[in-house]
Structures are given as structure tokens and as C-alpha cells.
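Below are the chains, spelled out letter by letter.
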Amino acid sequence: MKLGFYIIVTILFSAIVSGVLLDESGYITIYYSSYVIEMSLVVFFILNVIFLSFLILLSKIKKTPSHLINTAQNYKRKNANSLIEKSYLNLLQGNYKRAEKYAVKASNYSDTPLLAYSQAALAADHINSKNNRDKWIKEAHDRLPYAKEAILLLQAKFQFIDSNYIAALEYTNKIIDINPANSEAINLLKEIYLEQKDWDNLRKIFPKLKKSKKFDKSELHPLETKIFTGAISSVNNIELLQNIWKATNHITKKDENFVILYCQKLVENKHDETASKIITNFLKKSYSYKLICIYTSLNYDETKICIKKIHLWMKTFGHRAELLLAAANICIKGKLWGQSHRYLEESLAIELNPEAYMTLGVVLSKLGKNEAANEAFLKGWSLESITRTRTRTRTK
């Protein structure tokens with residue numbers, strides 16, 4: 001269009017100039033070596049215009065191939081971008097084979113090849129075509145070095161979904177080698193270690209989890225408790241147990257289940273003194289009957305001291321039937337049958353409990369009251385039977 005316009009303008013301009021020069025055309029002489037060229041000024045002017053037009057036309061012809069190539073590339077790019085959109089829509093609709101097909105076609109010319117490869121891999125994964133899925137990821141990895149981190153993360157997540165934790169761990173560690181602050185990779189590392197119950201490595205990466213903006217404190221506290229509880233449960237060596245306890249923060253040390261597990265491990269390792277101190281400290285602010293039961297089984301404090309602590313806990317947490325039962329059990333350990341009998345009667349006056357009746361039966365038999373002991377045993381069995389029946393009914 002522009003070329004035609006320039007030619008028309010040139011012809012019109014030449015006609016006007018020719019009309020002007022016809023009256024006084026004049027002439028021009030060109031000397032070159034022994035040659036002489038003479039022509040009218042009009043002819044010279046027209047030849048110049050023709051020559052310039054030829055040069056312009058030649059330059060346009062030279063640009064035509066690149067123009068055609070650019071046009072073709074723009075068409076392919078627009079078509080590829082359209083295919084990516086079609087692939088995404090088919091992915092949402094569950095047409096995974098078609099979604100994969102469109103995404104692969106778009107990958108060579110799209111403005112967002114990473115998106116194309118990701119959609120192709122995701123679609124292939126949905127139809128359980130793991131070979132194709134890994135093929136598209138590998139191709140993306142080779143073609144798109146700038147997106148290496150994102151591609152490795154995608155591969156790591158696929159391996160994690162497949163429960164191939166060793167491969168997932170390998171890819172995730174590669175990401176962290178590239179970018180140690182990658183919060184997605186750190187979170188995936190956490191998930192892998194949780195599945196593997198690798199508590200030691202979870203403890204090592206926990207400082208990174210704290211620094212990550214992906215987590216807030218409300219998420220981190222339960223996770224930390226879970227990690228340290230798992231770490232405690234996986235070891236039996238007393239030195240390792242104590243090191244884990246020292247490394248645990250004050251919030252986790254307030255968790256009842258964590259403290260119960262740690263005290264059980266201490267008892268297994270015959271560290272009753274340490275267990276007694278920890279239980280006593282815990283019960284200063286929080287109540288736990290399970291910890292009280294562990295305390296009554298310890299062989300550290302004297303009977304009088306144990307009874308005093310039970311009474312102290314009664315003042316703090318109320319006159320509970322289970323605390324009176326605990327006091328009775330301590331008296332039984334000290335063979336204080338009469339005192340134990342009084343605590344059991346007081347406990348049963350507050351709440352009927354099968355365990356209390358069975359314990360009362362043992363105490364009464366020690367006191368020589370066999371008939372009363374048999375009656376207590378019968379009441380205990382009867383009450384336990386009723387409790388079991390109610391539990392089964394609720395479960396159904």
C-alpha cells in the first residue's frame with residue numbers, strides 16, 4: 001500500500017515538474033573520460049526518479065521474506081496461546097488426553113512454554129501416563145533453563161504424590177541447593193520427612209520453617225509438638241531423650257501428651273527422680289490424671305511426701321474422686337490399708353468407678369473383710385459391664 005502511494009506521488013510530481021520544464025527544458029552534459037553524455041534536463045530528472053523508485057522497490061523486496069516470516073511466527077504464537085487456553089479448559093472439564101494434546105502443540109510457539117509443559121504433565125499424570133508426564137517435564141527442563149527451579153518443584157511434587165519419597169527428596173534438595181529460601185521446597189521437604197517419620201531431619205529444618213513466611217505461629221506450634229513427640233517416641237537412650245527435652249521449647253513442654261510420653265520413657269530408663277520433678281512442675285499449672293497415675297507408680301518419693309502432693313493437687317484442682325483413688329494407690333504401695341480404705345470410700349462417695357471398687361476389694365481382703373471384699377469386686381465387675389455396654393451403644 002505504501003509503495004503504491006509513493007509511486008503515484010512520484011509520477012504526479014514528475015508530471016508537474018515536466019510541465020514546468022517543457023517551456024524552458026534546458027539540457028545537461030556529463031563528461032566521463034573520453035565519453036560525453038548529453039540529454040535534456042527533463043529526461044535526466046525522469047531517469048533519476050526512475051532510479052530512486054527502483055532502489056525503493058528493491059529494498060522492499062529484500063524485506064519481504066523477513067516480513068513473511070514474522071507474520072507466520074505471529075500467527076503460530078497466537079494459535080499456540082489459544083491452544084493453551086483450550087488445554088486449560090479441557091483440563092478443568094476432565095478431558096485430560098485432549099488437554100495434553102493441546103498443551104504439547106502449544107509448547108513450541110507459546111509465549112508461556114512453562115505453562116504449556118506444566119499443563120501437559122498435569123494432564124498426563126491425571127490419566128496415569130507417568131512416562132509422558134516425566135517426558136514433558138524433562139523436555140521443559142532441557143528447553144527452559146531459566147525455569148529450572150519451578151520444573152524441579154513440579155517433578156518433586158509428582159514423585160511425592162506417587163509416594164516415591166526418595167526421588168521426591170532428591171529433587172527437593174536440588175531446589176534448595178539452587179535457592180535455600182524457597183518456601184515451597186522447604187514445605188515439601190517437611191511433608192516428605194513427616195511421611196518418612198524422619199524426626200531428626202524435621203528438627204534440623206524447623207528453624208527454616210520458622211523463617212518461612214508460608215507459616216504462621218498457630219501452624220508452627222502444633223507442628224513443633226508433633227516433631228518433638230515423634231522424636232521422643234523414636235529413641236530409648238536416656239542421653240538422647242534428655243537432649244531432645246532440652247531442645248524443646250516451653251510451649252511444647254506444656255503439651256500433656258508430650259510430657260506423658262517423656263515421663264514414660266524416663267520411667268522405662270529408671271529415671272524416676274527426673275520424672276517426679278517434671279510431673280510436679282507440670283501439675284503446678286495444668287491438670288493431668290494420666291501424669292498423676294504415672295506419679296503414683298514411681299519409686300522415688302516417700303509415701304508421706306506423695307500423699308502431701310496429692311492433697312496439694314486437691315487444693316489446686318478440686319476434691320476429685322480420681323485424686324482420692326490416686327492417694328489410695330499410694331497408701332497401698334506403703335501398705336497403709338486403713339488409710340487407703342478411707343480414701344477409697346471417699347472417692348466412691350463422689351463418683352462410682354469400677355477401678356475404685358476393684359481396688360477397694362483388694363484393700364478389704366487385706367483387712368480380712370472377705371465378704372465385703374467380694375461385694376466390692378461384684379460391684380466393680382457389674383459397673384464395668386454397664387460402662388462397656390454404654391460405650392458399644394454410643395459407638396454404633
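Here is a short report on the structure shown in this document.

What counts and how
Residues numbered from 1 in each chain as written. Predicted model: local features only at pLDDT ≥ 70, side-chain atom pairs only at ≥ 80, totals over all residues. Heavy atoms only, no water. 1 Å grid on protein atoms, 1.4 Å probe; cavity = no way out; pocket = protein on both sides within 12 Å on 5 of 7 lines; lining within 4 Å. Points joined across faces, edges and corners; volume = space filled by probe spheres on them. Helix = DSSP H or I, 4+ residues; strand = E, 2+ residues; numbered from the N terminus. Nonpolar A, V, L, I, M, F, W, Y, C, P; charged D, E, K, R; others polar. Axes fitted to C-alpha atoms, helices over the stretch in contact; angles between N-to-C directions. Parallel < 35°, antiparallel > 145°, perpendicular 65-115°, else oblique. Left-handed = near helix turned anticlockwise from the far one by under 90°. Contact = heavy atoms within 4.5 Å. Expected span 1.5 Å × (residues − 1). Buried < 20%, exposed > 50% of the residue type's maximum accessible area, 1.4 Å probe, protein only. Phe/Tyr/Trp six-rings, centres within 6.5 Å; stacked < 30°, edge-to-face > 60°. Salt bridge = Lys/Arg side-chain N within 4 Å of Asp/Glu carboxyl O. Patch = residues over 30% accessible without salt bridge, like charges linked within 9 Å, V, L, I, M, F, W, Y side chains within 5 Å. Areas by Shrake-Rupley, 256 points an atom, 1.4 Å probe, with all protein chains shown as cover.

### Some remarks on empty space enclosed by the protein
Okay, step 1: Within this structure, the stated rule accounts for one cavity of 30 Å³ or more.
Okay, step 2: Reported here for the largest cavity is a volume of approximately 40 Å³.
Okay, step 3: Among the elements of the structure, α4 (113-126), α5 (130-143) and α6 (148-161) are those that each provide at least two residues to the lining of the largest cavity.
Okay, step 4: Partitioned by chemical class, the residues of the lining of the largest cavity number seven nonpolar, one polar and no charged.

### So, the packing of helix α8 (residues 183-196) against helix α9 (residues 199-211)
Okay, step 1: The contact between α8 and α9 brings their axes to 10 Å, and the two run at 160°. Compared by their axis directions, α8 and α9 come out roughly antiparallel. Like other packed secondary-structure pairs, α8 and α9 cross with a definite hand, here left-handed. For the pair formed by α8 and α9, the contact residues are I186, L189, K190, Y193 and L194 on the first element and W199, N201, L202, I205, K208 and L209 on the second.
Okay, step 2: When grouped by side-chain class, the residues that make up the contact of α8 with α9 number eight nonpolar, one polar and two charged.

### Notes on the environment of R77
Okay, step 1: By secondary structure assignment, the location of R77 is in helix α2 (residues 41-93).
Okay, step 2: Residues R77 and Y109, spaced 32 residues apart in sequence, show a C-alpha to C-alpha distance of 5.2 Å.
Okay, step 3: Sequence-distant contacts of R77, that is, excluding residues within four places in its chain, are made with Y109 and D111.

### Here we look at the environment of Q339
Okay, step 1: Inspection of the secondary structure assignment puts Q339 in helix α17 (residues 337-350).
Okay, step 2: A sequence separation of 11 residues divides Q339 from A328, and the C-alpha atoms of the two residues are 7.3 Å apart.
Okay, step 3: Residues contacting Q339, with those up to four places away along its chain left out, are I307 and C331.

### Some points on helix α16 (residues 321-333)
Okay, step 1: When the terminal C-alpha atoms of α16 are compared, their 19 Å separation across 13 residues agrees well with the 18 Å that a helix rising 1.5 Å per residue should span.
Okay, step 2: Those residues of α16 that fall on the buried side of the exposure criterion are A321, L323, L324, L325, A326, A327, A328, I330 and C331.
Okay, step 3: Of the surrounding elements, those touching the buried residues of α16 are α14 (289-297), α15 (303-317), α17 and α18 (354-366).
Okay, step 4: Count one or two residues on from α16 and you reach K335, which has phi positive near 60°.

### Some words on the packing of aromatic side chains
Okay, step 1: The full count for this structure, using the stated rule, is six aromatic pairs.
Okay, step 2: Their ring planes at 75° and their centres at 5.3 Å tell us that Y295 and W313 sit as a pair that is edge-to-face. Separated by 18 residues along the polypeptide, Y295 in helix α14 and W313 in helix α15 bring together distant segments of the chain.
Okay, step 3: Classification of Y295 as buried rests on a relative accessible area of 1%.
Okay, step 4: Here W313 falls in the buried class, since its relative accessible area comes to 3%.
Okay, step 5: Centre to centre, the rings of F377 and W381 are 6.0 Å apart; their planes meet at 25°, and the pair counts as stacked.

### Some remarks on unusual backbone geometry
Okay, step 1: Of note, the phi angle at K270 is positive, near 60°, even though the residue is not glycine.
Okay, step 2: Backbone geometry places K335, a non-glycine residue, at a positive phi of 60°.
Okay, step 3: Within the secondary structure, K335 sits in the loop between α16 and α17.
Okay, step 4: Residue class for K335 comes out exposed when judged on its relative accessible area of 61%.

### Side note on the environment of K265
Okay, step 1: Here K265 shows up in helix α12 (residues 256-268).
Okay, step 2: Residue classification places K265 among the buried residues on the basis of a relative accessible area of 8%.
Okay, step 3: Placed 33 residues apart in sequence, K265 and I232 show a C-alpha to C-alpha distance of 8.1 Å.
Okay, step 4: In contact with K265, other than residues within four places in its own chain, are I232, S233, V235, N236 and L241.

### Quick look at the packing of α5 against α6
Okay, step 1: Running from amino to carboxyl end, α5 crosses α6 at an angle of 165°, the nearest separation of the two axes being 9 Å. On the basis of their axis angle, the class for α5 and α6 is roughly antiparallel. Crossing handedness for the pair α5 and α6: left-handed. The segment α5 lies against α6, with R133, D134, I137, A140 and H141 engaging K148, I151, L152, L154, Q155, F158 and Q159.
Okay, step 2: Among the residues forming the contact of α5 with α6, the class breakdown is six nonpolar, three polar and three charged.

### Here we look at the pattern of salt bridges
Okay, step 1: One pass over the full model with this rule turns up 11 salt bridges.
Okay, step 2: Between K157 and E184 there is a salt bridge, with the nearest N and O atoms lying 3.5 Å from each other. Of this pair, K157 sits in helix α6 while E184 is found in helix α8, placing the two residues 27 residues apart along the sequence.
Okay, step 3: Judged by its relative accessible area of 33%, K157 is partly exposed.
Okay, step 4: Across the pair K277 and E273 runs a salt bridge, and its minimum N-O distance is 3.3 Å. Of this pair, K277 and E273 both sit in helix α13 (residues 272-282), four residues apart, roughly one helical turn.
Okay, step 5: You can call K277 partly exposed: its relative accessible area is 47%.
Okay, step 6: Here the residues in one salt-bridge network are D125, R133, D134 and D162, joined through shared partners.

### Comments concerning a nonpolar patch on the surface
Okay, step 1: On the surface, F51, L52, F54 and L55 cluster together into a nonpolar patch covering about 410 Å² of accessible area.
Okay, step 2: Following the sequence through the fold, L55 ends up in helix α2.
Okay, step 3: Look at L55 and you get partly exposed, because its relative accessible area is 40%.

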